[in-house]
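Inside the fold
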Amino acid sequence: MNAPPQIARVLQTRVSCDGAHDGIPAALGHPRVYLEIDAQGYVDCGYCDRRFVLIGGAADGAGQSATPDHHAGAGA
């Protein structure tokens, strides 16, 4: 299993992603989506695979290459 392309550590369980990062403007990204981090402590964007990890959550500090993909709305 490969690590996600980019990991963002966040303080809130509700996040949004539009694909903008590392010099890529939002206009070249993807439609804005809102994601909810659940008890697993992280969620992956279904468009760009960017991973959002809740600071202090269950996945914070875990080796991200060992955690399975977890898209918003996916079953645990």
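The notes below deal with the structure included here. What you see is a predicted model, and the numbers here were worked out from it, not measured in a lab.

Glancing now at the side chain of Asp-18. Structurally, Asp-18 can be placed in the loop between strand 2 (14-17) and strand 3 (33-36). Polar side-chain contacts of Asp-18 include one of 2.9 Å to the backbone nitrogen of Ala-20. Not counting residues within four places of it along the chain, the set of residues in contact with Asp-18 comprises Ala-26, Gly-29, His-30, Pro-31 and Arg-32.

Of note, Ala-39 is situated in the loop between strand 3 and strand 4 (42-44). Classification of Ala-39 as exposed rests on a relative accessible area of 74%. Note: C-alpha distance between Ala-39 and Ala-58 (19 residues apart in sequence) is 7.1 Å.

With that settled, consider the pairing of strand 1 (residues 7-10). Along any regular strand the residues' side chains alternate between the sheet's two faces. Here strand 1 shows a buried face lined by Ala-8 and Val-10 and an unburied face lined by Ile-7 and Arg-9. The sheet contact formed by strand 1 and strand 5 (residues 51-54) spans four bridges and is parallel. Each residue of the ladder has a partner; that of Arg-9, found in strand 5, is Val-53.

Take the nonpolar core next. Residues Ala-8, Val-10, Val-15, Cys-17, Val-33, Leu-35, Ile-37, Val-43, Cys-45, Phe-52 and Leu-54 constitute the largest nonpolar core, which totals eleven residues. Broken down by secondary-structure element, the contributors of at least two residues to this core are strand 1, strand 2, strand 3 and strand 5. Look past the residues within four positions of Phe-52 in its chain and what remains in contact with it is Ala-8, Val-10, Val-15, Ser-16, Cys-17, Leu-35, Ile-37, Gly-41, Tyr-42 and Val-43.

Taken together, three strands build an open sheet; the order of strands is 1-5-4 and the sheet is mixed. The open sheet is flanked by strand 1 and strand 4, the only strands paired with a single partner. Across the sheet, the mean angle separating the axes of adjacent strands is 20 degrees when strand polarity is ignored.

Here strand 3 shows one buried face, formed by Val-33 and Leu-35, and one open face, formed by Tyr-34 and Glu-36. Both strand 2 and strand 3 contribute to a ladder of four bridges, which runs antiparallel. Each residue of the ladder has a partner; that of Val-15, found in strand 3, is Leu-35.

About the criteria used
Residues numbered from 1 in each chain as written. Predicted model: local features only at pLDDT ≥ 70, side-chain atom pairs only at ≥ 80, totals over all residues. Heavy atoms only, no water. Helix = DSSP H or I, 4+ residues; strand = E, 2+ residues; numbered from the N terminus. Polar contact = N/O pair within 3.5 Å; in protein donor to acceptor, adjacent residues only side chain to side chain. Contact = heavy atoms within 4.5 Å. Buried < 20%, exposed > 50% of the residue type's maximum accessible area, 1.4 Å probe, protein only. Pairing = 2+ DSSP bridges. Core = buried A, V, L, I, M, F, W, Y, C linked by side-chain atoms within 4.5 Å. Axes fitted to C-alpha atoms, helices over the stretch in contact; angles between N-to-C directions.

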